[in-house]
Amino acid sequence: MAQVVSEIKHHSTPQWGAKVLRQIAFYLVLLLVWHKLATSNLWSPGTFAGPLDVWGTLVERFQNGTLITAIAVSLRRLAIGYSISLVLGIILGLAIGLNRYFDETLGSLILGFQALPSVCWTPFALLWFGLSEQAMIFVVVMGALFSITLGVDAGIKNTPPVYIQAARNMGAHGIALAAQVILPAALPNIIVGLKQGWSFAWRSLMAAELIYITVSLGGLLENGRDFVDASLMFAVMLVIIVLGVLINSSIFGPLERIVRQRWGLQK
Amino acid sequence: MSQQIATTPQQFEYRGEDAQVLPAGKVTLHVENVSKTFVSKGRIVEALRPVDLKVAAGEFVCFLGPSGCGKSTLLSIIAGLQEPTTGRVWANGKQVKGPGTDRILLFQEAALFPWLDVQRNIEFGLRQAGIRARERAAIAHKFIETVHLKGFERSYVHQLSGGMRQRAAIARALAIDPAILLMDEPFGSLDAFTRDRLHTELESIWAETQKTILFVTHNVREAVALGDRVLVFAPRPGRIVREFRIDLPRPRSLEDHNLVDQSAEILQVLRSEMVANEEEENDGTGR
């Protein structure tokens, strides 16, 4: 096995290097084109910014702390809302996945809610919670909850029956069966739901922050529009992209890879 | 074809489907008038016609037949995972009402849990029984050695070959110490070499542990190589058509000419049943 792994690595290293070179070249050209566009005077002042201006704004905003505060506020909302969704989603998913009556009733309702873009909850959130943290967290919860619930449900329904049969045969039942067999067996699908839930939550949070202006990433972006500061808008958008990519590649990517490999779903 | 079979001399004992076989020794499993029918698309399907069977403690019984003959259904009923339409099953002096740790079922796909390593898989049943960690580990180690998986305690299922997975599944079953092992084509997806090795290993594990084993297979030679008795099943409707007692000395070799001869005999019986079955269906005189 070790031999096979080393062969693959040996074989793929030159290709990997070439790939990185092509990507670096692509982004260099992109920066150059961006710079040329920004210095071409096609836009009126403040409505477009070149890479140098954006870099300057990024450095300035990180140094005076406004971007760091904004990132902290938005990530905190995301973390709290997502944790609530996780707990509620697993409970709801277990209920729907394991009980026919919950499935027929609650299951269809959740499928319906899943079809509603969660940013549509923002007006109600503001109506119910006022201009507050709860309103933003509520939008995040609504963004992630149904994806996680449906992921857990799908995981339970797609569990190979032999796992349940084997476990019951070996004396597992009740909570032990659910916690030690049904939930772990459902993990590959649960992770798909977690990943989708996070991306929905992230998108709806950004949208909600554009409407409810506080010191946050969405708020800062809206600030940029108010002060016709394209450089700030580009900087915030870059930060949002980088955060999204980082969370995906540091949490959900590896999680999905490990689980898919261990469950024998990929080599 | 059927005439040819009729003239073949029987060199070993067989019994018709009506015969009640009483095994020597203590009866550990008693199947009484068990049948299974279900309704599919408005038609009644006879998955298994009524079966009577007694199995002695420590006996190795093979269920042999093509797919759809009810052999796995019978095994699953004995395991308590399916309810029979008629009849009852007694195992170890108690009537079967559901799955129990006195009868452990093994599957073709091994059904090891991919989220647990080999040792934790083997400890699974012990954990359900509330046995403490140190004792669990000791029992698991013992059976890891029995199935020659030492060094793979911390491996996960995706890192094991098909044969190693079946070994781990056998260890997981043995750790619970059931009186009866129910094996549903456990070696069906393995290559011939691995299967041969596992036959030898299973035979020695059986001799050592004195477990009662019911072994489902569609491989005639596998049945003859392993079984004290071979029950031959036929499909549509699923039923037992013949029963053979295999008195060849152990350990058995697949190359042994007696074993090859007996396999050929059983295969002929199976074929003639299938042919008779098809003719019946073509005549329309069947069901």
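Below: a short report on this structure.

### Overview of the interface of chain B and chain A
Line of reasoning, step 1. Contacts between chain B and chain A engage 20 residues on the former and 17 residues on the latter.
Line of reasoning, step 2. Contributions of two or more residues to the side of chain B that touches chain A are made by β7 (103-106) and α3 (118-128) of chain B.
Line of reasoning, step 3. Looking at the side of chain B that touches chain A, the element that brings in the most residues is α3(B), giving three residues.
Line of reasoning, step 4. Broken down by class, the residue content of the side of chain B that touches chain A amounts to 15 nonpolar, four polar and one charged.

### Section: helix α7 (residues 161-169) of chain A
Line of reasoning, step 1. Listed in full, the buried residues belonging to α7(A) are Tyr163(A), Ala166(A), Ala167(A), Arg168(A) and Asn169(A).
Line of reasoning, step 2. Looking at the buried positions of α7(A), the neighbouring elements they touch are α8 (174-211) of chain A together with α2 (71-79) and β7 of chain B.
Line of reasoning, step 3. The positive-phi residue at the C-terminal boundary of α7(A) is Gly171(A), with phi of around 95°.

### Some points on the sheet that holds strand β3 (residues 43-56) of chain B
All names here are of chain B.
Line of reasoning, step 1. Read from one edge of the open sheet, four strands run β3-β2-β5-β6, paired in antiparallel fashion. If you trace the sheet from one side to the other, it starts and ends with β3 and β6 (94-95), each paired once.
Line of reasoning, step 2. Both strand β2 (residues 27-40) and β3 contribute to a ladder of ten bridges, which runs antiparallel. Paired with valine 34 across the strands is valine 51, a residue of β3.
Line of reasoning, step 3. Contacts from α2 reach β2, β3 and β5 (86-91) within the one sheet, and its direction differs from that of β2 by about 120°.

### Quick look at the pairing of β2(B)
All names here are of chain B.
Line of reasoning, step 1. Taking the residues that link successive antiparallel strands as the turn, the β2-β3 hairpin has two residues, and the phi of lysine 41 there is positive, at about 50°.
Line of reasoning, step 2. Relative to β5, β2 runs antiparallel, the two being bridged by five bridges. Directly across from valine 31, in β5, lies its bridge partner valine 89.

### Considering the nonpolar core
Line of reasoning, step 1. Membership of the largest hydrophobic core comes to 139 residues, with the highest contact counts inside it found for Ile78(B) and Leu182(B).
Line of reasoning, step 2. Those residues in contact with Leu182(B) that sit more than four places away from it in its chain are Leu75(B), Ile78(B), Ala79(B), Arg103(B), Ile104(B), Leu105(B), Leu106(B) and Leu214(B).

### Details of the pairing of β7(B)
Residues and elements named next belong to chain B.
Line of reasoning, step 1. By the alternation rule, side chains of β7 split into Arg103 and Leu105 and Ile104 and Leu106, which are all buried.
Line of reasoning, step 2. The pairing of β7 with strand β8 (residues 180-184) spans four bridges and is classified as parallel. For isoleucine 104, the partnering residue across the bridge sits in β8 and is leucine 181.

### Structural notes on unusual backbone geometry
Residue and element names in this part refer to chain B.
Line of reasoning, step 1. Look at the link from arginine 236 to proline 237: it is a cis peptide, with omega at -5°.
Line of reasoning, step 2. For the bond running from arginine 250 to proline 251, omega is -5°, close enough to zero to count as cis.
Line of reasoning, step 3. The topology assignment puts proline 251 in the loop between β11 (239-245) and α8 (257-283).
Line of reasoning, step 4. A positive phi is found at lysine 41, a non-glycine position, where the angle reads about 50°.
Line of reasoning, step 5. Assignment of secondary structure puts lysine 41 in the loop between β2 and β3.
Line of reasoning, step 6. For lysine 41, a count of 5 C-beta atoms within 10 Å puts it in the exposed group.
Line of reasoning, step 7. We note that aspartate 177 has phi near 55°; this positive angle belongs to a residue other than glycine.
Line of reasoning, step 8. Among the secondary structure elements, aspartate 177 is positioned in the loop between α5 (162-175) and β8.
Line of reasoning, step 9. Looking at aspartate 177, the number of C-beta atoms within 10 Å reads 16, which means it is partly exposed.

The rules behind the values
- Residues numbered from 1 in each chain as written.
- Chains lettered and ligands numbered in written order.
- Predicted model: local features only at pLDDT ≥ 70, side-chain atom pairs only at ≥ 80, totals over all residues.
- Contact = placed C-beta atoms within 7 Å.
- Helix = DSSP H or I, 4+ residues; strand = E, 2+ residues; numbered from the N terminus.
- Nonpolar A, V, L, I, M, F, W, Y, C, P; charged D, E, K, R; others polar.
- Buried ≥ 20, exposed ≤ 12 C-beta atoms within 10 Å, placed from the backbone.
- Pairing = 2+ DSSP bridges.
- Axes fitted to C-alpha atoms, helices over the stretch in contact; angles between N-to-C directions.
- Core = buried A, V, L, I, M, F, W, Y, C linked by C-beta atoms within 7 Å.

So yeah, pure geometry; function would need other evidence.
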